[in-house]
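Report on the structure
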Amino acid sequence: MPEAKRPTVDEVLAGAVHTIENQLLPNLEDTWARAAASQLMGTLEYARGLIAGDEHVDARVDAVEAVIADLLRDHPGLEAVLEGSGGETRGFTVLDQASRLLSHAVANDSAEADAIRERLRPLIVQQATDTLNETMPMLMAFGGRPRRVER
């Protein structure tokens, strides 16, 4: 007979979602309680996703920082756009710089603006899409799409 093992964190969270969905939610009459249960399920599903993957923040900051460094190397005039940029952390500073560069490129027809649109914008859009996909279970639950439960 195999040895009993402790459940993984993911198994515990999956069990909690299953219990809420199949035991609690069908028996809740109050609309607010049903909405809260649905939101709790979305939060637990989001937690499962966080636990399953690695934290991408450092890699994302590194990628944006590298593109900005390349842009500054190729277009030294962009240094003026970044004057005064900063933030509490390296990540906030890099995002502030990215924001300033993207804003600069909006109504600008220069080669440096084209480079920003070609190199920085697609990276920021991809990172935003990835973040949205990671948080979607929670966002959908909080956004008013509670699960349908047969009564």
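Below, the structure is looked at part by part. (Residues numbered from 1 in each chain as written. Predicted model: local features only at pLDDT ≥ 70, side-chain atom pairs only at ≥ 80, totals over all residues. Heavy atoms only, no water.)

**Quick notes on the environment of I51**
- Looking at the secondary structure, you find I51 in helix α2 (residues 31-52).
- Judged by its relative accessible area of 47%, I51 is partly exposed.
- Along the sequence, I51 and V9 sit 42 residues apart, while their C-alpha atoms lie 8.2 Å from each other.
- Excluding residues within four positions of it along the chain, I51 makes contact with V9 and L13. (Helix = DSSP H or I, 4+ residues; strand = E, 2+ residues; numbered from the N terminus. Buried < 20%, exposed > 50% of the residue type's maximum accessible area, 1.4 Å probe, protein only. Contact = heavy atoms within 4.5 Å.)

**What about the side chain of H75?**
- Relative to the assigned elements, H75 resides in the loop between α3 (57-74) and α4 (90-106).
- Excluding residues within four positions of it along the chain, H75 makes contact with A111, E112, A115 and R119.

**Here we look at the environment of E83**
- When you line up the elements, E83 lands in the loop between α3 and α4.
- Along the primary structure E83 and Q97 are separated by 14 residues, whereas in three dimensions their C-alpha atoms are 9.0 Å apart.

**Description of the pattern of salt bridges**
- Enumeration according to the criterion identifies nine salt bridges in this entry.
- R48 is paired through a salt bridge with D10; the nearest N and O atoms lie 2.7 Å apart. In this pair, R48 is assigned in helix α2 and D10 in helix α1 (residues 9-24), connecting sequence segments 38 residues apart.
- On the accessibility criterion, R48 (28% relative accessible area) is partly exposed.
- D10 sits in the partly exposed class, given a relative accessible area of 32%.
- Note that R73 and D70 form a salt bridge whose closest N and O atoms lie 2.9 Å from each other. A residue pair is termed a helical-turn pair when its members lie 3 or 4 positions apart in one helix, as R73 and D70 do in helix α3 at three residues.
- Note on D70: relative accessible area 31%, which makes it partly exposed.
- Among the charged side chains, a network of salt bridges with common partners joins D70, R73, D74 and R119. (Salt bridge = Lys/Arg side-chain N within 4 Å of Asp/Glu carboxyl O.)

**Remarks on α4**
- In a regular helix each residue adds 1.5 Å, so 17 residues correspond to 24 Å; α4 covers 25 Å between its end C-alpha atoms and thus fits that length.
- Here α4 has its buried residues at G91, V94, Q97, A98, L101 and A105. The buried residues of α4 occupy an angular sector of 130° when the element is viewed end-on, so they sit on one face. Of the residues in α4, the exposed ones pointing more than 90 degrees away from the buried face are F92, S103 and V106.
- Looking at the buried residues of α4, the elements they touch are α3 and α5 (111-142). (Expected span 1.5 Å × (residues − 1). Arc of directions from axis to C-beta.)

**Some words on α2**
- For α2, spanning 22 residues, the distance from its first C-alpha to its last is 32 Å, which sits close to the expected 32 Å at 1.5 Å a residue.
- Among the residues making up α2, those that are buried are R34, A37, S38, M41, G42, L44 and Y46.
- In the core, the buried residues of α2 are packed alongside α1 and α5.
- Where α2 begins, one side-chain oxygen reaches toward the backbone nitrogen of W32, 3.1 Å away; that side chain belongs to D30. (Polar contact = N/O pair within 3.5 Å; in protein donor to acceptor, adjacent residues only side chain to side chain.)

**As for the packing of α4 against α5**
- α5 packs onto α4 with a crossing angle of 130° between their chain directions and a minimal axis gap of 9 Å. With respect to their mutual orientation, α4 and α5 come out oblique. α4 and α5 meet at a crossing whose hand is left-handed. Contacts between α4 and α5 pair A98, L101, L102, H104, A105 and V106 from the former with E112, A113, I116, R117, L120, R121 and I124 from the latter.
- Grouping the amino acids of the contact of α4 with α5 by side-chain chemistry returns nine nonpolar, one polar and three charged. (Axes fitted to C-alpha atoms, helices over the stretch in contact; angles between N-to-C directions. Parallel < 35°, antiparallel > 145°, perpendicular 65-115°, else oblique. Left-handed = near helix turned anticlockwise from the far one by under 90°. Nonpolar A, V, L, I, M, F, W, Y, C, P; charged D, E, K, R; others polar.)

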